[in-house]
Structures are given as structure tokens and as C-alpha cells.
Amino acid sequence: MAQFLLETDLHGLLKLDTPIRNAPSARWQRTTRESGAHGPGPSPAGGVSPMKPANRSHSFSKTPCRTPGKSGSKIQSTPTKAGGDRYIPNRSTMQMEMANFLLTKENDPAEESPTKKEQQKAWAVNLNGFDIEEAKILRLSGKPQNAPEGYQNNLKVLYSQKVTPGSSRKNGRYIPSMPDRILDAPEIRNDYYLNLIDWSTQNFLAVALDNSVYLWNHASGEIIQLLQMEHPDDYVSSVSWIKEGNYLAVGTSNAEVQLWDIQHQKRLRNMTSHSSRVGSLSWNSYILSSGARTGHIHHHDVRVAEHHVATLAGHTQEVCGLKWSQDGRYLASGGNDNLVNVWPCTQGNSGDFAPVQTFSQHQGAVKAVAWCPWQSNVLATGGGTSDRHIRIWNVCSGTCLSAVDAHSQVCSILWSANYKEFISGHGFAQNQLVIWKYPTMSKVTELRGHTARVLNLTMSPDGATVASAAADETLRLWRCFEMDPIKKKEKDKANSAKSSIIHQSIR
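Nothing here was measured: the structure is a model prediction, and the numbers come from that model.

Caption draft 1: Main features of the nonpolar core. The biggest cluster of nonpolar side chains holds 32 residues, and the ones touching the most others in it are Val 213, Leu 215, Leu 227, Val 236, Leu 248, Val 250 and Leu 475. Every element with two or more residues in this core is listed here: strand S2 (197–199), strand S3 (204–209), strand S4 (212–217), strand S5 (223–228), strand S6 (236–241), strand S7 (247–252), strand S27 (466–470) and strand S28 (474–478). It is S3 that provides the largest number of residues to this core, a total of six residues. Sequence-distant contacts of Leu 248, that is, excluding residues within four places in its chain, are made with Ala 206, Val 213, Leu 215, Leu 226, Val 239, Ser 240, Trp 241, Gln 258, Leu 259, Trp 260 and Ile 262. Judged by nonpolar contacts, the second largest core, of 17 residues, contains Ala 368, Ala 370, Val 404 and Trp 415.

Right, dumping it as C-alpha cells:
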């Protein structure tokens, strides 16, 4: 009986204490066997978070077959009887389920609660002195980690959270680098201060070629000569369509402003109030504004016989840029005196017009003026050869929101209605078109092809195509703002719904 109790004690000690021979490998052997039965298990060399091996060893240390009343610290010698030191593991059903649970939990991709994660992070910091998740350098996913505060790397290893330029994701929108169509524009005047092309809402492109005006139907390709100046020394200096697209305003070198009906191809009015050439025109409903070489801007009410209703005197040199905002509240004018003036639509208390804002930061003539279509108080302007900057203004506060050096003469600016972008046309020295992201002012792409400076830009009624006129006597059509087919379908559907509501209200 005593011998039986002694052997029982020895077996209990073999399960609790590991110094006996063959016992050190028994623990990893057990883990390996259980891993083979229930899936891949952890490597004894490491690669596991600090807390999980501790949990697993705790579960394996449960030995329900310990003899009651015996102390684990008592040292016993190996029995001399053959087979007495043989280790036979006793695996109960409960232990197998526990091992399976721990292995499954370790490989479970399910996210843990924030409280549990914070608790595990605290344990890792207490055990290791650092967070093991922060210490991982080679990662399969997630962004790179910053170096610890105060860390100095003698090997100058670069830590960064930003993607390198070579691996940055490209813009998904495809922009053709070649023009969709090239048209001849013989005898177009190479004059920076003139505005010689405009695109109507009825899809007619008006082009002034020396002393003549031609209309090109974009849908059919038909070309119509609308007018020709009577005197050979006179020339057309500006063209502008009314918003509805039925009438075309024409400014001439002999200080006239003509109004033409394109449906009947005849001149309706000839308005004379300026004393020098009219280089810029802009419509605001039935008010036509014209800028002249003298620096004066005239408002014409085309409905009445006494058409000249107001004069704006804010420039000392030629007005080469003129544009009404889409809501009709402000008129922006740029001149050869390097000034940008913003005029209100109504007169002041004294009965005279005065600019609400005057911007003098440009160092060259300002021909490019354009209002943002989705922010009515944002204005973009571009300077000439001695300035070459594009500036974005808030006309309400009078602040310059951003400025970028275009490194070329800025001749024209157009905002896109389909994207948060705008396009600029340039002269000396690169003669290119540049698409800019707004408000970051980063370059999206450059469109090259003109061999001389770009004089003017205009946009198709659907906002997808930009026409550029250059001193190389060509017109180039760029499909640079083509809308995604799905978005275009949704937009057309919304427009047709609005149209049907209008027709119902009229009926």
C-alpha cells in the first residue's frame, strides 16, 4: 500500500514539476499534438502577442489528478522500478475543448471591443515596456508608424506616413491629351487684349477673324458667315452671346457695339457710345456691358432707344477682361492698368457706380476673369507676361484665397461645371492649357499642341468641351471635362424633371 501511494505521488509530481527527464519537451510536445489536431498552432520561438502564451500555459497547468494533501515543493527521487518514470499524459475532454477554444480565438479575425483592446495594450506596455502593435515594422496592412518621440536613428532610416509620389494613386478620370478636333482660323488677330470667340447655349461657336464673324454649328458642322465690316481697315474686336443664345453682341475697332439676330442673320441695333475700340463684352439679362480702350465700361439696355444707361470709370487703361457673375450681382473687370475691379449691379446713394472691391496685387494686365459656378462670391483672375499669376479672390471679404505662379502669360480662365476644377490658357512661353484642382490649386494635367500663344477659351453648353483659339491660326476642341456616363444620365434626368414641372406650371 505504501509503495502504491509513493508511485501516485511521483506521478503527481511529474505533472507539476518539469525538472524530471523527458518533462521539458512534454509541454511543447503536447501543444504540437493539439495543434495538429485542431489547426496550425503557435511557434515556440515567438511571433505571438505577450498575453496569449500566458493564457495557454495557465490552462495547461491545471492538473486535476494531483494527490490531495501532498505538497508540490517536495522533492522525490525516481523510483527504481522499471517503467516508474514513464510519462503518460492524461488528457480529459475538458482540456481538449479548452485548447481548441484558445487556438480558435487566437486565429479569429473578429474585432474586439475597444475596452478589451485598451486593456490588452496596457498589459503589453506593463510586460514589455512598449506596445507590441506599435513595434511592428513589417506589416501586411495599415499605414506606417511614426518613430517614437525622441528617437534618433543613426542609420537615417526614413519614417513617413505619406505615400511616395511614385506609388500615389492616379486620378481615375481619363483626359485626352490630344484635341478632339482642329479647325482653321485664318487671319485671326494676334492681340492679347481682344476677346474673339464665344460658344452659345444653342451650340453655335462664334469666331471673329479680322473683319468678319463666322458661326460654326457644332452639331451639324455647318459654317455661316454672319457679317463683314464695311471698311477694310476696321476689324471685329469682341463677341459675346446672350444667355439664351438667340442674339450675338459684336464689338468693333471703330467703337461700335452691334446686336445681331442669328436666326434671321441680320443686324438689329448699332449702339455708339464709346470713343475707342470695344475689346470686351458681357451680358446680364437685358443689360449688355462693354469695355473700351479708354478704360470706360458702358451699360447698354438693349430694350430701349436710349441704350446707354451707365458709365463705370475705374480703369485708366484698356478694359480687356469683363464678366458678370452668374447671379447677376457683380461685374468683374480687368484692365491693362493691372487692376481688378468688382462692380455692383445697382448704383450707390450718389447715383454713381463705384467698385465694391479693387485688387491691385497683379503686376501685369488682367484679361482672364472668371466667376466660380458653385461659389458665387469667388473670382479667379490671371495676369499677363510680367505677372503670370493666377489668384483666387473672395469678393465679399476682399481677401486673396490663394495664388499660384503659372510660369506663363495667363490669357483666359474657365471654371468647370462638372468638376471642382478650372482650366487656364497661356501664352509666352509655353502656349499650353492647364487644368487646376480647386481649392488645392494642384495641376491635374497640361494640354499641349498650340505652337503660338492661346488667345481665348470658351466652353460648350454641356460643359464637356473647351475650345481654344491661338495665334497659330487654329481652333482646337478639347474634351477635357466630359462627365461620367452615369452622372450625366442622372443630371439629364434631373433637368428633364425640372423642365416638366415648369411646363405644368405654365399650363
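Caption draft 2: Highlighting the pairing of S27. Burial analysis of S27 places five of its five residues in the buried class, which makes it a mostly covered element. Because side chains alternate across S27, one face comprises the buried residues Val 466, Ser 468 and Ala 470, and the other comprises Ala 467 and Ala 469, equally buried. Where strand S26 (residues 454–459) lies against S27, five bridges are found, and the strand directions are antiparallel. Looking across to S27, one finds that Leu 457 is bridged to Ser 468.

Caption draft 3: Focus on the UniProt feature "repeat: WD" (unreviewed entry) in the chain. UniProt records the feature "repeat: WD" (unreviewed entry) for residues 229–270, 312–343 and 447–478 in the present numbering. Counting secondary structure, residues 312–343 comes out at 0% helix and 56% strand; the distance between its end C-alpha atoms is 8 Å. In residues 447–478, helix accounts for 0% and strand for 53%; the two terminal C-alpha atoms are 8 Å from one another.

Caption draft 4: The arrangement of the packing of aromatic side chains in detail. Across all of its chains, the model carries eight aromatic pairs by this definition. Between the aromatic rings of Tyr 330 and Trp 371, the centroid separation amounts to 6.3 Å while the plane-to-plane angle is 15°, which identifies the pairing as stacked. Of this pair, Tyr 330 sits in strand S15 (residues 330–335) while Trp 371 sits in strand S18 (residues 366–371), and the two are 41 residues apart along the sequence. Owing to a relative accessible area of 13%, Tyr 330 belongs among the buried residues under this scheme. Taking the centre distance of 5.1 Å and the plane angle of 85° together, the rings of Trp 415 and Tyr 438 count as edge-to-face.

Caption draft 5: Structural detail: the pattern of salt bridges. Within the structure shown, the criterion is met by ten salt bridges. In this structure, Lys 437 and Glu 421 form a salt bridge, with 3.5 Å as the shortest nitrogen-oxygen distance. Here Glu 421 lies in strand S23 (residues 421–426) and Lys 437 lies in strand S24 (residues 433–437), a separation of 16 residues in the sequence. Residue Glu 421 is classed as buried on the basis of its relative accessible area of 0%. Its salt-bridge partner being Lys 443, residue Glu 446 comes within 2.7 Å of it at the nearest N-O pair.

Criteria and thresholds
Residues numbered from 1 in each chain as written. Predicted model: local features only at pLDDT ≥ 70, side-chain atom pairs only at ≥ 80, totals over all residues. Heavy atoms only, no water. Core = buried A, V, L, I, M, F, W, Y, C linked by side-chain atoms within 4.5 Å. Buried < 20%, exposed > 50% of the residue type's maximum accessible area, 1.4 Å probe, protein only. Helix = DSSP H or I, 4+ residues; strand = E, 2+ residues; numbered from the N terminus. Contact = heavy atoms within 4.5 Å. Pairing = 2+ DSSP bridges. UniProt positions renumbered as here; feature names shortened; annotations may be inferred. Phe/Tyr/Trp six-rings, centres within 6.5 Å; stacked < 30°, edge-to-face > 60°. Salt bridge = Lys/Arg side-chain N within 4 Å of Asp/Glu carboxyl O.

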